[in-house]
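Take a look at the letters that make up each chain.
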Amino acid sequence: MTATDVTNFFTIGGTIMQPYASTSDTPLVSTISEIYIDPDTSVGRVQWSRKSTGVEGYKAGTILSVPAGLIAKDANGKTLARQYLIFSEVNYLYKPAVAYIMSKAGVTLSDATFTRPRQADCVFYPSQPQDAKCPTT
């Protein structure tokens, strides 16, 4: 995956929000991160992260809470190796055109989801060679 691919994902997100505005006044802020699950500790650590505002999202190595049901384990309850998740978050400040039921200042709408990479164990970003091993830090 390239930086252009990620930028296109964020552009698509803004397009999906039409006809709602996505400006500095009512920003749509998205973050895409890859998380590695350490098989020894079952702790999720960020491998890479990008925010739609053009800056790095979470710092590499940041611990993020992963729902226990998403961490695969063997029959003995030991966490399996080589587990990666894509963590996507979105926040949008919705400001109503008419402040009748809610404040004109608006309300922040948000959602987050985890998915597994579909065509490989991990997703290389921004420019790791495709034959490289998936990072485990």
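From a predicted model like this one, the values you see are computed outputs, not experimental measurements. (Residues numbered from 1 in each chain as written. Predicted model: local features only at pLDDT ≥ 70, side-chain atom pairs only at ≥ 80, totals over all residues. Heavy atoms only, no water.)

(A) Representation of the packing of aromatic side chains in the model. Within this structure, the stated rule accounts for 2 aromatic pairs. Measuring from ring centre to ring centre gives 5.1 Å for Tyr36 and Tyr84, while their planes differ by 45°; the resulting arrangement is tilted. Residue Tyr36 is found in strand β1 (residues 28-37), and its partner Tyr84 is found in strand β4 (residues 83-94); the two are separated by 48 residues along the sequence. By relative accessible area, Tyr84 is classed as buried at 2%. For the ring pair Phe87 and Phe114, a centre distance of 4.6 Å and an interplane angle of 25° mean the geometry is stacked. Taken together, the residues Phe87 in strand β4 and Phe114 in strand β5 (residues 107-115) connect sequence positions 27 residues apart. Residue class for Phe87 comes out buried when judged on its relative accessible area of 9%. (Phe/Tyr/Trp six-rings, centres within 6.5 Å; stacked < 30°, edge-to-face > 60°. Helix = DSSP H or I, 4+ residues; strand = E, 2+ residues; numbered from the N terminus. Buried < 20%, exposed > 50% of the residue type's maximum accessible area, 1.4 Å probe, protein only.)

(B) A look at unusual backbone geometry. Along the chain, Gln18 connects to Pro19 via a cis peptide bond; the corresponding omega equals 10°. Among the secondary structure elements, Pro19 is positioned in the loop between α1 (3-16) and β1. For Ser42, which is not glycine, the phi dihedral falls at a positive 60°. Its place among the elements puts Ser42 in the loop between β1 and β2 (44-51). A positive phi is found at Arg82, a non-glycine position, where the angle reads about 60°. Looking at the element boundaries, Arg82 is found in the loop between β3 (63-64) and β4.

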